[in-house]
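Residue-level listing of the chains:
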Amino acid sequence: MSASTAVSANVPGSGPAAASTPSTTPSGAQQPGSLYGGGSRRRVTVRDIAAAKERGERWPMLTAYDALTARVFDDAGIPVLLVGDSAAMVVYGYDSTLPVTVDDLLPLTAAVSRATTRAMVVADLPFASYQEGPEQALRSAARFMKEGGAHAVKLEGGRRVAPQVEALVAAGVPVMGHVGLTPQSVNTIGGYRVQGRGHEAGEALLADAKELEHAGAFSVVLECVPSEVGRRVTEALGIATIGIGAGPDCDAQVLVWQDMAGLSPRTAKFVKRYADLADTLTGAAHAFAAEVAGGAFPAAEHSYS
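Small disclaimer: the values here were computed from a predicted structure and weren't measured. (Residues numbered from 1 in each chain as written. Predicted model: local features only at pLDDT ≥ 70, side-chain atom pairs only at ≥ 80, totals over all residues. Heavy atoms only, no water.)

Asks: Got a sec to walk through the overall build of the protein? Specific residues and values, please.
Replies: Per the secondary structure count, the protein includes 11 helices and eight strands. Out of the 305 residues belonging to the protein, those deemed buried represent 52%. Taking the intrachain contacts of the protein between residues at least 6 apart in sequence as the baseline, contacts between residues at least 24 apart amount to 62%. In the form shown here, the protein has an accessible surface area of approximately 13,300 Å², with 55% of it arising from carbon and sulfur atoms. (Helix = DSSP H or I, 4+ residues; strand = E, 2+ residues; numbered from the N terminus. Buried < 20%, exposed > 50% of the residue type's maximum accessible area, 1.4 Å probe, protein only. Contact = heavy atoms within 4.5 Å. Areas by Shrake-Rupley, 256 points an atom, 1.4 Å probe, with all protein chains shown as cover.)

What follows is the structure, given as structure tokens:
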């Protein structure tokens, strides 16, 4: 999944992400068994994801790349955190996801895993870490599980990566699939464009998602596809669909957290900003600089005697 800083601010045809809400009782209290905001502090597992699908509960997912924000999101009840290859852009400053490596993402994954107690931590397998075949995919995934503390991995592609998915699941690695706009293939699909438009393309995307389910994936991300395609895939699959620009009918919704919180300078059509942290941080930096320049900071209360 790419950070939407790399996607046109006016991606046509992608529906707005629906707000996910926790399951509630008639009194408005969150149900203890709900995936989002539930009372249990044990780790969320693939069985919890499957149970949420069965009861029709929608749930949120965010990216995370460091301990402090991961802890905030975990405390907020976000059930799944993705250490995305979008770190290439929002952490390392590249203009696409392609340059980031396993070694780049491993310390970020470990930080997120150490900082959380409930959220399932999913690690993105970066470009060229699984495309060679099942053996390479298993080597890469094993590093994320053993060294990074991840609880699952995500990889891009449909039928062409089914052998990798089967091998990982057989080895005990939970797999999240990813179809639609697959940013690691941006050079072959002609840019960051809506995928699955038209009957033939929509059927191909559905077939890819079904193949991932058949191969053993526990969920699948649908990125930048028409809302109707998102609905059809969600209804056709027995596993959870996670939308990012795939309309309101997916089982879950995910955003890059910097997009969601207003840090990214450019965002795609499917992004809703829930805060303006860029403005907040700019104001704080100006205030700090002004007090240092004027001698107001540090004051006596910030100094040792």
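Asks: Tell me about the pattern of salt bridges, residues and numbers included.
Replies: Tallied over the full model, the rule gives 11 salt bridges. The residue Arg-55 makes a salt bridge to Glu-57 at a minimum N-O spacing of 2.7 Å. What makes Glu-57 buried here is its relative accessible area of 4%. Close ionic contact of Arg-143 with Asp-103 constitutes a salt bridge, the shortest N to O distance being 3.0 Å. Linking Arg-143 in helix α5 (residues 134-146) with Asp-103 in helix α4 (residues 102-115), this pair joins segments that are 40 residues apart in sequence. Residue classification places Arg-143 among the partly exposed positions, given a relative accessible area of 30%. (Salt bridge = Lys/Arg side-chain N within 4 Å of Asp/Glu carboxyl O.)

Asks: I'd like a rundown of the UniProt feature "binding site: 3-methyl-2-oxobutanoate" (unreviewed entry) in the protein, residues and numbers included.
Replies: Here the UniProt-annotated "binding site: 3-methyl-2-oxobutanoate" (unreviewed entry) positions come out as Asp-85, Ser-86, Asp-124 and Lys-154. Taking the farthest pair of C-alpha atoms as the criterion, the annotated set spanning 70 residues converges on one region, since that pair is 12.4 Å apart. Mapped onto the elements, Asp-85 comes out in the loop between β2 (80-83) and α3 (87-90). Assessed through its relative accessible area of 0%, Asp-85 is described here as buried. As for its placement among the helices and strands, Ser-86 is situated in the loop between β2 and α3. Residue classification places Ser-86 among the buried positions, given a relative accessible area of 0%. (UniProt positions renumbered as here; feature names shortened; annotations may be inferred.)

Asks: For unusual backbone geometry, give the residues involved together with the corresponding values.
Replies: Phe-297 connects to Pro-298 through a cis peptide bond whose omega is 5 degrees. You can see Pro-298 is positioned in the segment after α11 (277-294). The phi dihedral of Ala-128 falls on the positive side, at around 70 degrees, and the residue is not glycine. Within the secondary structure, Ala-128 sits in the loop between β3 (120-124) and α5. Residues other than glycine seldom take positive phi values, yet Cys-224 does so here, at roughly 55 degrees.

Asks: Tell me about the packing of aromatic side chains, and please be specific about residues and values.
Replies: Enumeration according to the criterion identifies two aromatic pairs in this entry. For the pair Phe-288 and Phe-297, a centre-to-centre distance of 6.0 Å together with 65 degrees between the ring planes defines the contact as edge-to-face. Residue Phe-297 is classed as partly exposed on the basis of its relative accessible area, which comes to 33%. (Phe/Tyr/Trp six-rings, centres within 6.5 Å; stacked < 30°, edge-to-face > 60°.)

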